[in-house]
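So you can see what is in the structure, the chains are spelled out below.
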Amino acid sequence: MVNVSFRKVKKQYENGFTAVNELNLEINEGEFLVLLGPSGCGKSTTLRMLAGLEDVTSGEISIGNAKVNDLPPGARGIGMVFQSYALYPHMSISDNLSFGLRMMKGEDRKSDDEISKLINETATMLGLSDELEKKPKQLSGGQRQRVALGRALIKRPRVLLMDEPLSNLDAELRQQMRIEIRRLHDELKMTTVYVTHDQIEAMTIADRIAVLNEGELQQHGPPMEVYKNPANSFIEGFLCAHLNEIVDTANSLFGGEEE
Amino acid sequence: MKRVFVITILSFLFLLPIGHASEIIGIEADGDVGYRQVGLIWTTDSPTEEGTLFEIWVSNASIVDTANATKHSEVRVGNVSGIIQPDIGEWYDDCLFDSGEGDWTPVHRDLDGTAVVSVGAIGVNCTLTGLPSGIEIYLAVKSTTPNGESFLSSSISSSSTMSDEEIIVIETSPYVFAIGSIALSVLILLFVLRWMDYRDGRTTSRFAHLYIAPAILALSVLTFYPVLYGIWLSFTNADQSHLGDQSFIGIDNFITVISTSGFFRVTGFTLIWSVVNVAAHIGFGLLLAMALNSDDLKGKTAYRTALLLPWAIPSYISVLVWRGLYEPAGALNDFLGTNMNLLADANGARIVVILVNIWLGIPFMMMSISGALQALPKDMYEAAEVDGINKFSRFRYLTLPNLKSALVPLSLLGFIWTFNMFNVIYLMTDGGPNLDFDGPGSTDILITYVYDVAFRDGAYGVAAAWSVVIFVMLVVFSWTYMKKTNATEAVT
Amino acid sequence: MISAKSVASEPPDDLASKWYVPAEVDSLRNLYPIVVAINFVSLCIFVLRGDSDSIFSSSMQMIVSVVILMLLSKLDQGQRFIRDGVISISGLALLLSVLQFLSGPQILIDFWMMLWTSLPAVLVIYSVSKPIVTLWASGNQTVRSAELGLSRNRSVSRFHGMVFRHVALLHAVAFVLLPILWIVDVALSPGNSLGGEFFETVTFEHFSHILSSESFWIWTRNSVIVSIGTTILGLALAIPAGYAFSRFKFRGRDYAMFSFLLVQMFPGVIILVPYFLVMKALGLLNTSLGLILAYSVTALPLCVWMLKGFFDTVPKELEEAALVDGCNQNQVFWRIILPLSLPAVAVTALFSFLAAWNEFLLALTFNTSEEMYTLPVGLASLISSTGQAWGDFAAASLLVSLPVVILFIVFQRFLIEGLSAGGVKG
């Protein structure tokens with residue numbers, strides 16, 4: 001269990017565009033933090049910097065008490081779920097899950113028995129036991145999503161990163177997976193950073209949400225607190241007004257019948 | 001090359017102490033002996049000595065020295081005991097010699113196929129083959145004694161008058177009849193199909209059959225008909241003298257093909273040639289495609305354009321240019337600081353033709369693989385990075401397996417093309433060195449040998465049989481290859 | 001179920017030191033196998049030269065490179081001793097390489113070989129003796145210095161990767177350009193000499209000779225007639241067929257399309273002999289018409305597939321709109337589809353033109369009289385049993401290939417796309 005911290009983190013691209021500006025954020029051990037914001041607000045860039053897939057222009061990112069700015073992604077002890085799942089198309093599900101473990105070298109390398117035990121554990125946990133020999137193409141969207149999650153979890157990462165993991169699923173599956181992800185987090189208690197643009201998703205899944213806009217952190221805190229005490233007009237428009245509108249719509253649809 | 005070298009050294013050692021060059025006193029040429037052939041007779045002033053070498057030089061201008069001429073062949077004077085003496089008609093360049101007693105006997109042939117006449121011969125009569133017909137050519141003979149004295153005869157001009165049109169006139173009507181009936185039946189077929197569409201009430205495609213009719217007609221008459229005709233030819237005795245009146249002879253031609261001396265050698269070399277070439281094309285193509293596959297590479301367009309040149313330049317030109325580079329006086333020796341005559345040595349020539357074809361084929365594979373590389377999902381590599389997979393393993397376990405679906409058809413296509421790559425071999429070596437009579441040369445591949453059988457020997461039936469054999473080989477190979485690669489795909 | 005215990009929880013302070021390997025060392029480890037391979041190539045060249053001294057020194061060189069490679073793979077934190085060893089042995093390699101160069105003939109290739117032996121050695125000495133690598137190798141680095149090292153590794157290894165790419169591509173370009181430069185040199189040199197210094201004396205005598213020779217113009221005329229004839233006939237056959245395959249469902253469509261694919265699979269050789277005999281019987285040998293017929297049919301399947309691919313991209317709604325407006329099917333084709341796909345038709349035309357312009361085998365077989373030679377056969381006849389007119393050949397080659405190469409390069413994107421549409425799918 002580790003904490004994650006961003007200190008004055010800045011990301012500027014070569015063309016001068018600043019994606020993330022002076023981000024200061026602490027994520028506690030075992031916390032489920034959601035980065036929320038409209039598209040292009042820098043939330044995915046923040047996550048990718050934490051993963052090591054993007055360079056940090058300035059500032060410091062640490063996991064635990066080690067600065068990780070320049071560590072290769074594989075050295076950071078993270079697991080990541082991609083929006084497009086990014087499964088290895090030519091490998092079976094069991095190979096997809098275990099590829100990272102099998103490719104390890106040196107003292108960290110687990111024995112084949114341990115690996116197959118881990119595969120089975122993970123598959124059982126995610127309900128994939130019957131699909132292990134299939135290829136990703138043969139699975140449904142929801143199942144692929146589970147495989148992506150399993151691949152991130154099988155290494156027992158210190159931090160779990162999720163980049164809009166549910167956006168490619170239909171509404172019903174999304175609901176179901178949201179509950180499942182939260183359940184897994186409560187079970188494994190690993191520090192989790194979750195990126196989404198969906199306000200409802202953020203409100204229902206997070207311990208704490210951090211709202212970004214145009215590369216700046218607007219506000220962070222437990223969901224209801226942010227909702228009740230919006231720090232500025234952006235939050236009010238993006239989060240509060242949006243949620244209120246949904247509630248109003250629901251009321252106007254169903255309110256009449258109940259009365 | 002080594003063997004030639006050793007032989008030269010040995011002959012020098014043996015023959016150092018002897019005599020003067022025989023002067024050539026009479027030289028005559030006759031252009032009427034056969035298709036693309038010229039008869040050449042020369043006599044010497046004195047009986048020739050052991051070790052004398054006659055070189056026959058050919059040029060399109062009068063020969064005053066050999067710098068502007070090409071060597072056609074050689075005749076050696078030496079010990080003839082124990083080496084073969086083929087009858088007239090059994091070898092290229094039939095040669096007879098006059099041993100001094102006024103009788104003409106066929107020359108002997110040593111292991112390289114060089115003509116050998118016995119010591120004391122005073123005249124040689126050769127039928128030179130492979131000369132262009134219809135133009136004036138100049139011939140001269142140069143004699144060299146073992147101690148290096150040489151004498152060049154005056155040059156004599158002649159032209160090979162026989163061109164193949166004059167040999168036989170074929171009856172045209174059966175061909176016209178065959179083509180006509182094929183065309184007619186295709187038209188009727190299209191008409192019937194059109195009528196059936198009409199009956200079924202498909203009106204939107206009213207003109208479809210009309211639109212495809214010209215292409216289908218052309219294809220049937222100019223491709224399918226010749227293919228079928230070729231298959232039929234392979235069972236007949238068609239040759240230069242039997243055309244139009246050829247008759248069915250069963251599988252004799254196929255027996256001739258299988259029993260050709262060197263059948264397995266030429267097939268083997270064709271396989272080596274194709275496999276090595278395709279492997280190199282794909283290997284280097286992949287390497288270059290990956291080197292080019294970077295967004296922030298400076299000068300990418302310039303590199304790509306330069307690397308495309310071997311594809312853009314007409315292949316016959318590239319091949320001839322490479323041949324010039326490999327000539328003993330060519331730039332390659334200058335460049336490497338060596339002194340080789342690769343084209344004169346069987347294995348050297350094999351390596352050379354393969355190298356040239358590798359040069360020709362890389363750009364196509366590079367571009368095709370480039371396209372396939374760009375289609376690979378990028379996020380897959382990011383996932384692997386998070387998984388801690390190093391660069392080499394990413395290539396080995398992600399890039400290669402995912403390229404497989406592109407590489408399998410590409411390699412098959414490349415194999416078929418290379419298998420039938422006529423230009424490189426024909427223009428670089430023409431199958432040589434060491435052209436045996438009645439068999440493929442050292443660098444012949446199947447297709448160049450078929451060309452020789454058909455258009456040098458005029459054995460059309462046998463050539464057609466070779467073509468059928470090649471086609472069957474390709475079909476069997478392609479089928480097994482597809483099956484094998486699909487099978488492994490299902491397993492992984 | 002996974003218990004919380006199995007999750008890693010050790011203090012991760014030393015991560016940086018654990019993962020840090022200077023990018024220089026990594027790059028040298030990747031470089032040295034290539035150096036050894038090039039040492040081997042040099043050794044082969046010396047063997048071909050038969051120069052026994054150089055063979056010996058080159059073998060030594062190779063052994064030294066292998067030793068450096070092995071030491072580099074052993075180099076690690078706290079291995080100060082190996083670091084010193086690598087540097088001194090690289091010094092030896094440098095010395096050997098310079099000595100070898102000085103004792104050789106010092107032509108261009110020797111210079112190249114020297115670069116490939118001395119430059120890596122210099123790089124080893126320079127980068128392994130850098131303070132940051134020394135610190136790493138002696139095992140005295142702090143977490144802070146490892147972190148710094150990691151942060152510079154990114155840019156350093158990116159830079160090294162780029163240099164690697166450029167070196168590899170430059171070698172490939174040199175290999176491609178070697179024969180091209182040489183033929184330019186031959187074309188511009190007097191006489192028919194094949195060797196000698198590049199661009200020693202420049203003369204245009206071969207160009208003027210070839211341009212004033214009658215046969216060159218005859219070949220060009222034949223080639224132009226055949227290529228243009230092929231293009232026109234090929235398009236006339238391919239455009240309607242491509243359109244029909246793209247737009248209509250009709251009886252026999254699948255069989256017809258399959259037959260076009262099948263023809264592409266046939267190796268040309270199987271038709272060569274019967275083709276020749278049919279042409280002979282019809283009296284089409286030594287005519288332009290014979291070649292035009294043969295070429296337009298051999299290029300036909302690919303052209304049809306290319307055009308079908310292009311027609312497929314023209315939206316069907318356009319056609320339907322025209323039909324609603326009262327055009328009939330023929331008018332739709334001539335007035336809507338054809339003008340829209342003119343660029344595609346142009347590319348297909350270029351493709352069949354180039355194919356006919358460059359074809360050698362059929363031209364060689366069918367048109368044997370010199371009057372009817374096309375450029376490929378004519379040019380090849382300059383280098384044949386009766387003459388070695390390398391200078392004229394070189395000049396003519398440049399004249400013939402230059403326009404073709406320019407066309408190819410300008411339209412490369414379209415040609416390659418078209419070819420992959422027709423070739424690889426089929």
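For the structure, check the block above.
Here goes a summary of the coordinates provided. (Residues numbered from 1 in each chain as written. Chains lettered and ligands numbered in written order. Predicted model: local features only at pLDDT ≥ 70, side-chain atom pairs only at ≥ 80, totals over all residues.)

1. Quick word on the interface of chain B and chain A
At step 1: With 15 residues of chain B at the interface, the matching set in chain A holds 17 residues.
At step 2: Within the residue set of the side of chain B that touches chain A, elements represented by two or more residues are helix 10 (378–386) and helix 11 (391–419) of chain B.
At step 3: Considering every element that reaches the side of chain B that touches chain A, the biggest residue donor is helix 10 of chain B, with six residues.
At step 4: Residues belonging to the side of chain B that touches chain A are distributed by class as follows: seven nonpolar, four polar and four charged. (Contact = placed C-beta atoms within 7 Å. Helix = DSSP H or I, 4+ residues; strand = E, 2+ residues; numbered from the N terminus. Nonpolar A, V, L, I, M, F, W, Y, C, P; charged D, E, K, R; others polar.)

2. Observations concerning the packing of helix 4 (residues 80–103) of chain C against helix 5 (residues 108–128) of chain C
All names here are of chain C.
At step 1: For the pair helix 4 and helix 5, interaxial distance at closest approach is 8 Å and the crossing angle is 160 degrees. The orientation of helix 4 with respect to helix 5, classified from their angle, is roughly antiparallel. The two elements helix 4 and helix 5 cross, and the hand of that crossing is left-handed. Facing helix 4, whose interface residues are Arg-83, Val-86, Ile-87, Ser-90, Gly-91, Ala-93, Leu-94, Ser-97, Val-98 and Phe-101, helix 5 presents Asp-110, Met-114, Thr-117, Ser-118, Ala-121, Val-122, Val-124, Ile-125 and Val-128. (Axes fitted to C-alpha atoms, helices over the stretch in contact; angles between N-to-C directions. Parallel < 35°, antiparallel > 145°, perpendicular 65-115°, else oblique. Left-handed = near helix turned anticlockwise from the far one by under 90°.)

3. Observations concerning the sheet that holds strand 1 (residues 4–12) of chain A
All names here are of chain A.
At step 1: If you walk across this open sheet you meet the four strands as 2-1-4-5, and the pairing is antiparallel. Both outer strands of the open sheet, strand 2 (18–27) and strand 5 (66–67), are each paired with one neighbouring strand and no more.
At step 2: Two elements, strand 4 (residues 58–63) and strand 5, share two bridges in a ladder whose sense is antiparallel. Directly across from Ile-63, in strand 5, lies its bridge partner Ala-66. (Pairing = 2+ DSSP bridges.)

4. Observations concerning the pairing of strand 10 (residues 216–221) of chain A
Residues in a regular strand point their side chains to alternate faces of the sheet.
Residues and elements named next belong to chain A.
At step 1: Sheet topology places strand 9 (residues 208–213) next to strand 10; five bridges connect them, and they run antiparallel. Paired with Ile-209 across the strands is Gly-221, a residue of strand 10.
At step 2: Linking two consecutive strands that pair antiparallel, namely strand 9 and strand 10, is a turn of two residues; a positive phi of about 45 degrees is found at Glu-214 within it.

5. Observations concerning helix 3 (residues 52–74) of chain C
At step 1: Here helix 3 of chain C contains 23 residues, and its C-alpha end-to-end distance of 33 Å stays within 8% of the 33 Å for a straight helix at 1.5 Å per residue.
At step 2: Of all the positions in helix 3 of chain C, only Ser-54, Ser-58, Gln-61, Val-64, Ser-65, Ile-68, Leu-71 and Leu-72 of chain C are classed as buried. (Expected span 1.5 Å × (residues − 1). Buried ≥ 20, exposed ≤ 12 C-beta atoms within 10 Å, placed from the backbone.)

6. Describing the interface of chain C and chain B
At step 1: Chain C puts 86 residues into the contact, and the matching count from chain B is 96 residues.
At step 2: At 12 residues, the largest contribution of residues to the side of chain C that touches chain B is made by helix 7 (residues 143–188) of chain C.
At step 3: Classifying every residue of the side of chain C that touches chain B gives 61 nonpolar, 19 polar and six charged.

7. Digging into the nonpolar core
At step 1: Ala-215 and Ala-463 of chain B together with Leu-300 and Val-304 of chain C are the most contacted members of the largest nonpolar core, which has 177 residues in total.
At step 2: Element by element, the count of residues in this core is highest for helix 12 (residues 288–312) of chain C, at 16 residues.
At step 3: Among residues more than four places away in sequence, those in contact with Ala-215 of chain B are Leu-237, Ala-238, Ala-241, Leu-300 and Val-304 of chain C.
At step 4: Within the second largest apolar cluster, 98 residues are counted, among which are Phe-32 and Leu-217 of chain A together with Met-380 and Ala-383 of chain B. (Core = buried A, V, L, I, M, F, W, Y, C linked by C-beta atoms within 7 Å.)

8. So, the packing of helix 2 (residues 93–102) of chain A against helix 4 (residues 141–153) of chain A
Residue and element names in this part refer to chain A.
At step 1: Contact pair helix 2 / helix 4: the axes reach a minimum separation of 8 Å and the direction vectors enclose 25 degrees. It follows from the interaxial angle that helix 2 and helix 4 lie roughly parallel. In the packing of helix 2 onto helix 4, the handedness of the crossing is right-handed. Residues Ile-93, Asn-96 and Leu-97 of helix 2 form the contact with helix 4, whose participating residues are Val-147, Gly-150 and Arg-151.

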